[in-house]
Amino acid sequence: MSYLFAPESHAADGFVLRSYDVGDGGALARSLNASYDHLKTFSTWARPVTSEREAEERARHFRAKWLLAQDFVVCVAPEEGAEILGGCGYHLREGGLARRNAEIGMWVRADAAGCGLGTRVLVALLEWGFAEWPWERLTWRCAAENTASRRVAEKAGMRPEGVLRGHRNAAAPQAATPQRGDTLLFATLRDTWRRPAGR
Ligand SMILES: CC(C)(COP(=O)(O)OP(=O)(O)OC[C@H]1O[C@@H](n2cnc3c(N)ncnc32)[C@H](O)[C@@H]1OP(=O)(O)O)[C@@H](O)C(=O)NCCC(=O)NCCS
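What comes next concerns the included structure. (Residues numbered from 1 in each chain as written. Predicted model: local features only at pLDDT ≥ 70, side-chain atom pairs only at ≥ 80, totals over all residues. Heavy atoms only, no water.)

Applying the stated criterion to the full structure yields 13 aromatic pairs. Measuring from ring centre to ring centre gives 4.8 Å for Tyr90 and Trp133, while their planes differ by 50°; the resulting arrangement is tilted. With Tyr90 in strand E4 (residues 86–91) and Trp133 in the loop between helix H5 (117–131) and strand E6 (137–143), this residue pair connects regions lying 43 residues apart in the sequence. Given the relative accessible area of 0%, Tyr90 is considered buried. Exposure remark for Trp133: the relative accessible area of 3% places this residue in the buried category. With centroids separated by 5.7 Å and ring planes inclined at 45°, the aromatic side chains of Tyr90 and Trp135 adopt a geometry described as tilted. Taken together, the residues span a long stretch of sequence, with Tyr90 in strand E4 and Trp135 in the loop between H5 and E6 at a distance of 45 residues. The buried category is assigned to Trp135, whose relative accessible area is 0%. Among the aromatic side chains, those forming a connected cluster through ring pairs are Trp66, Phe72, Tyr90, Trp128, Trp133 and Trp135. (Phe/Tyr/Trp six-rings, centres within 6.5 Å; stacked < 30°, edge-to-face > 60°. Helix = DSSP H or I, 4+ residues; strand = E, 2+ residues; numbered from the N terminus. Buried < 20%, exposed > 50% of the residue type's maximum accessible area, 1.4 Å probe, protein only.)

This is the structure:
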């Protein structure tokens, strides 16, 4: 498979997963600017300030790649209103459409984090990904020291597959000698996916 007519949106319990679109820049900038301190440690792409124009460019770039079936960056939106609660996506980093593999990534707006939203979004991405997308294998990688990210994968029922030792620059690279950090790998296969009880 080299091209995908990708599904556009998925209504979950209390939020909607959808493609970014033209006009999302204002809400995306507000969400990122309210979350920099929360994101800066583990999201290397985060910047202290993102202008509305930069965020609009980013949203349009995400939309273009979605339509080209090159990357699927997903926006987490409330059921009502134009704000953005976070971002996630199915990224084609492991063989992509040809192998039907995607890696899930995620961030949650600072004021919405720590209340179970990340876990619910990950469960929804697994459910949607196996029901309407062609994925056979969905993976999640996180820094070994990113407890929130590890817990989200565990609570969503993803299976740990191992530790990639010394795989990345450590999250706090202030030391004179650059430190290396471990990455945890989790995966869920289509055949074995079951929604975790109570989630
Ligand atoms: C990781 C992230 C997406 C999780 O979303 P969330 O909405 O906070 O997740 P939930 O509320 O569903 O669950 C969070 C879990 O992590 C724990 N947690 C949250 N913040 C934590 C922190 N700073 N330190 C340790 N544990 C933390 C919570 O206690 C909960 O675990 P528990 O059920 O065992 O108590 C979100 O925290 C985030 O945006 N982090 C910054 C970006 C990031 O690291 N993305 C992941 C890259 S792999």
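With that settled, the discussion passes to empty space enclosed by the protein. Where empty space is left in the structure can be found by rolling a water-sized probe over the atoms. Inspection of every chain in the model, using the stated rule, returns 1 cavity of 30 Å³ or more. The volume enclosed by the largest cavity comes to roughly 40 Å³. Contributing to the lining of the largest cavity are Leu32, Leu39, Trp45, Ala46, Arg47, Thr50 and Arg58. Each residue belonging to the lining of the largest cavity can be placed in one class, and the counts come to 4 nonpolar, 1 polar and 2 charged. (1 Å grid on protein atoms, 1.4 Å probe; cavity = no way out; pocket = protein on both sides within 12 Å on 5 of 7 lines; lining within 4 Å. Points joined across faces, edges and corners; volume = space filled by probe spheres on them. Nonpolar A, V, L, I, M, F, W, Y, C, P; charged D, E, K, R; others polar.)

Remark: H5 packs on helix H6 (residues 147–155), axes separated minimally by 9 Å, with the N-to-C direction vectors making an angle of 45°. Classed by the angle they form, the pair H5 and H6 counts as oblique. Pair H5 / H6 crosses with right-handed handedness. Within the contact between the two elements, H5 uses Gly118, Thr119 and Leu122 and H6 uses Val152, Ala153 and Lys155. Along the lines of polarity and charge, the residues of the contact of H5 with H6 split into 3 nonpolar, 2 polar and 1 charged. (Axes fitted to C-alpha atoms, helices over the stretch in contact; angles between N-to-C directions. Parallel < 35°, antiparallel > 145°, perpendicular 65-115°, else oblique. Left-handed = near helix turned anticlockwise from the far one by under 90°. Contact = heavy atoms within 4.5 Å.)

Glancing now at the environment of Ala69. Locating Ala69 in the fold gives a position in the loop between helix H3 (52–67) and strand E3 (72–78). Sequence separation of Ala69 and Asp21 is 48 residues, and the distance between their C-alpha atoms is 15 Å. Beyond its immediate sequence surroundings of up to four residues, Ala69 is in contact with Tyr3, Leu4, Leu92 and Leu97.

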